[in-house]
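Architecture and fold: a report
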Amino acid sequence: MRHFEWFLNILIFLIPLVFRRGLGDLFVGLLYTMEASVPFVAIRAILQTTGKGSSVATGQLDDNYNQICKNRISILYLINLIILTLVYFLVRIAVWPLIYWLYAYQRQLRMVEAVFALPLHCHLGTMAIFLFQAHWFIRICKTTVKAYREYHSTTKLMKKKSWFKSQKDFTN
């Protein structure tokens with residue numbers, strides 16, 4: 001599977017550089033900028049592999065206090081997910097309106113005029129890439145919300161249990 005990813009990278013990034021005839025420098029540059037979110041995806045995978053990640057993905061959370069403590073989400077994992085969500089939004093979602101705005105600015109057009117001035121194949125290509133990115137952004141947001149809820153609920157439960165435990169020790 002790893003070889004297939006390298007092949008896709010060659011197709012997606014090198015071929016447009018050769019066949020673009022000097023056009024679309026901004027678009028190609030922004031496609032490379034989109035890779036800024038990849039380190040956070042890799043960190044998330046590393047944290048999950050080492051057991052510092054979320055038990056949301058593995059479904060291991062139950063009512064047993066010891067199990068909750070063992071499978072508790074790490075704050076590092078949660079912070080990484082929040083940064084991933086923000087960076088992914090900035091470099092993979094918010095960039096598309098920026099592309100249209102920059103085109104309108106360069107051509108000295110209003111935004112609506114710029115949208116209608118572009119050929120249909122440009123809109124179709126942009127929409128295809130944007131929909132793919134939006135799909136993954138929604139999944140990342142759902143994962144972040146689940147991880148936050150898990151972290152908040154387990155932290156709350158652990159504080160509650162430790163409070164009851166300290167009260168028991170106090171009365172004895």
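Predicted model only: the values in this text are computed from it and were never measured.

Definitions and limits used
Residues numbered from 1 in each chain as written. Predicted model: local features only at pLDDT ≥ 70, side-chain atom pairs only at ≥ 80, totals over all residues. Heavy atoms only, no water. Helix = DSSP H or I, 4+ residues; strand = E, 2+ residues; numbered from the N terminus. Buried < 20%, exposed > 50% of the residue type's maximum accessible area, 1.4 Å probe, protein only. Contact = heavy atoms within 4.5 Å. Areas by Shrake-Rupley, 256 points an atom, 1.4 Å probe, with all protein chains shown as cover. Salt bridge = Lys/Arg side-chain N within 4 Å of Asp/Glu carboxyl O. Phe/Tyr/Trp six-rings, centres within 6.5 Å; stacked < 30°, edge-to-face > 60°. Expected span 1.5 Å × (residues − 1). Patch = residues over 30% accessible without salt bridge, like charges linked within 9 Å, V, L, I, M, F, W, Y side chains within 5 Å. Core = buried A, V, L, I, M, F, W, Y, C linked by side-chain atoms within 4.5 Å.

1. Quick notes on the overall build of the chain
Helix and strand counts for the chain come out as eight helices and zero strands. Taken from N to C terminus, the helices and strands of the chain fall in the order α-α-α-α-α-α-α-α. The 172 residues of the chain split such that 26% are buried. Counting contacts in the chain only where the partners sit at least 6 residues apart, residues at least 24 apart contribute 71% of the total. Of the accessible surface of the chain, which amounts to about 12400 Å², a share of 68% is contributed by carbon and sulfur atoms.

2. A look at the pattern of salt bridges
In this structure the tally under the stated criterion is two salt bridges. Glu 35 is the salt-bridge partner of Arg 92, the closest N and O atoms lying 3.6 Å from each other. Taken together, the positions of Arg 92 in helix α5 (residues 75-93) and Glu 35 in the loop between α2 (25-33) and α3 (38-49) put the pair 57 residues apart, joining distant regions of the chain. Residue class for Arg 92 comes out buried when judged on its relative accessible area of 11%. As a salt-bridge pair, Arg 110 and Glu 113 come within 3.4 Å of each other at their nearest N and O atoms. Given a relative accessible area of 35%, Glu 113 falls into the partly exposed group.

3. Some thoughts on the packing of aromatic side chains
In this structure the tally under the stated criterion is three aromatic pairs. Considering the side-chain rings of Phe 89 and Phe 137, the 5.6 Å spacing of their centres and the 45 degrees angle between planes classify their relative orientation as tilted. Note that Phe 89 is positioned in helix α5 and Phe 137 in helix α8 (residues 120-171), a separation of 48 residues in sequence. For Phe 137, a relative accessible area of 18% puts it in the buried group. With a centroid separation of 5.5 Å and 15 degrees between ring planes, the pair formed by Trp 101 and Tyr 105 is classed as stacked. In this pair, Trp 101 and Tyr 105 both sit in helix α6 (residues 95-107), four residues apart, roughly one turn of the helix. Under the relative-accessibility criterion, Trp 101 is labelled partly exposed at 47%. Feature note: the residues Tyr 88, Phe 89 and Phe 137 constitute an aromatic cluster, connected by ring pairs.

4. Quick word on α6
Helix length check: α6 (13 residues) gives 18 Å between terminal C-alpha atoms against 18 Å at 1.5 Å per residue, within 8%. Immediately beyond the C-terminal end of α6, within one or two residues, lies Gln 108, with a positive phi of roughly 55 degrees.

5. Remarks on a nonpolar patch on the surface
A surface patch of nonpolar side chains, amounting to about 760 Å² of accessible area, comprises Leu 98, Trp 101, Tyr 105, Met 111, Val 112, Val 115 and Phe 116. At the level of secondary structure, the elements contributing two or more residues to the nonpolar patch comprise α6 and α7 (111-117). It is α7 that provides the largest number of residues to the nonpolar patch, a total of four residues. We classify Phe 116 as exposed; its relative accessible area is 69%.

6. A short note on the nonpolar core
Core analysis: the largest hydrophobic core is formed by 13 residues, its most contacted members being Ile 73, Tyr 77, Leu 81 and Ala 147. Listed by contribution, the elements that provide at least two residues to this core are α5 and α8. Tallying contributions element by element places α5 first for this core, with six residues. Counting six residues, the second-largest nonpolar core is a separate cluster that includes Leu 30, Leu 31, Met 34 and Trp 96.

Just distances and angles here, no functional claims.
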